[in-house]
Amino acid sequence: MHRNRFVLALGALTLALAGCAPMTAQAPVAPLKDGELALPANYRGWAKYLSAVQRPDAKQVRDIYMNPTGASGTAAGFPNGTLFVMENYAAAANADGTLQQGADGKLVKGALLRVFVMGKNAGWGASAPESLKNGDWIYAAYLADGAKAPESTATCRACHLPLANEDFVHRYDEHFTGKSAGALQLERQLVALASPR
Ligand code: HEC
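## What to know about the packing of aromatic side chains
- The tally for this structure, following the rule as stated, stands at eight aromatic pairs.
- Both rings, one in Y49 and one in F78, keep their centres 6.4 Å apart while their planes meet at 70 degrees; by these two values the pair is edge-to-face. Here Y49 is found in strand β1 (residues 47-55), whereas its partner F78 is found in the loop between α2 (68-71) and β3 (83-91), with 29 residues between them in sequence.
- Relative accessible area serves as the criterion here: at 4%, Y49 is assigned to the buried category.
- On the numbers, 5.9 Å between centres and 35 degrees between planes, the contact of F78 with F176 is tilted. With F78 in the loop between α2 and β3 and F176 in helix α4 (residues 172-177), the pair connects residues that are 98 residues apart, well separated along the chain.
- One aromatic cluster is present, formed by Y49, F78, F84, W137, Y172 and F176 through successive ring pairs.

## Describing the coordination of the iron atom of the ligand
- One donor from the polypeptide reaches the iron atom of the ligand: H160 (NE2), at 2.2 Å.
- Its location among the elements puts H160 in helix α3 (residues 153-160).

## Concerning the environment of P68
- Here P68 lies in helix α2.
- Residues P68 and A47, 21 residues apart in the sequence, show an inter-C-alpha distance of 7.4 Å.

The rules we used
- Residues numbered from 1 in each chain as written.
- Predicted model: local features only at pLDDT ≥ 70, side-chain atom pairs only at ≥ 80, totals over all residues.
- Heavy atoms only, no water.
- Phe/Tyr/Trp six-rings, centres within 6.5 Å; stacked < 30°, edge-to-face > 60°.
- Helix = DSSP H or I, 4+ residues; strand = E, 2+ residues; numbered from the N terminus.
- Buried < 20%, exposed > 50% of the residue type's maximum accessible area, 1.4 Å probe, protein only.
- Donors = N, O, S within 2.8 Å, 3.2 Å for Na, K, Ca; no water.

Here it is, written out as structure tokens:
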């Protein structure tokens, strides 16, 4: 009888210790693939990666947010755990179809069309086709109401793929130098003009 109680107590102690183990070990990250990245509920409280990106070509204005892990990224790349959320707004148009401009000369935000998410973690995107692997980044797209958008994530991969030297992230220079895309383009043209042919 006493012996049984001792065995039970030992069993309970083992269970308790086993239960503690995951608290000290690093929690494993589920191996997600495209479309499985949830829309983070609190992203509007995050730091902006870039604000009011002007895309008259696409008739859109875009805001890009990054989570605190992403904000610790450097020009050498972003750490595992980075999440980017990009809001794509329609640029408000005049009756004749031309795009409206605010007092600051910038496009005016209309309806929110899409919310794009990209995130990076160890082993993520491992199931993506070899020719479309973007390191460990995965992609997801949502409508303004948070429902899944119909876009194929193969298109996301194809368009971010050429940016391997910038950790697959667009407008990298603009963020890290704080210069606008226009200023950077001008700078490159001047450098090209100045360099001997
Ligand atoms: C035709 C090219 C193209 C496609 C397709 C594309 N992107 Fe991008 N993406 C860009 C560009 C360019 C930017 C920088 C913002 C801008 O100029 O609009 C960007 C920026 C982003 C950002 C902000 C981080 C960064 O790289 O600057 C996220 C998040 C993102 N895209 C997710 C997606 C998702 C999700 C899809 C697919 C549903 C997708 N993108 C498809 C070109 C593309």
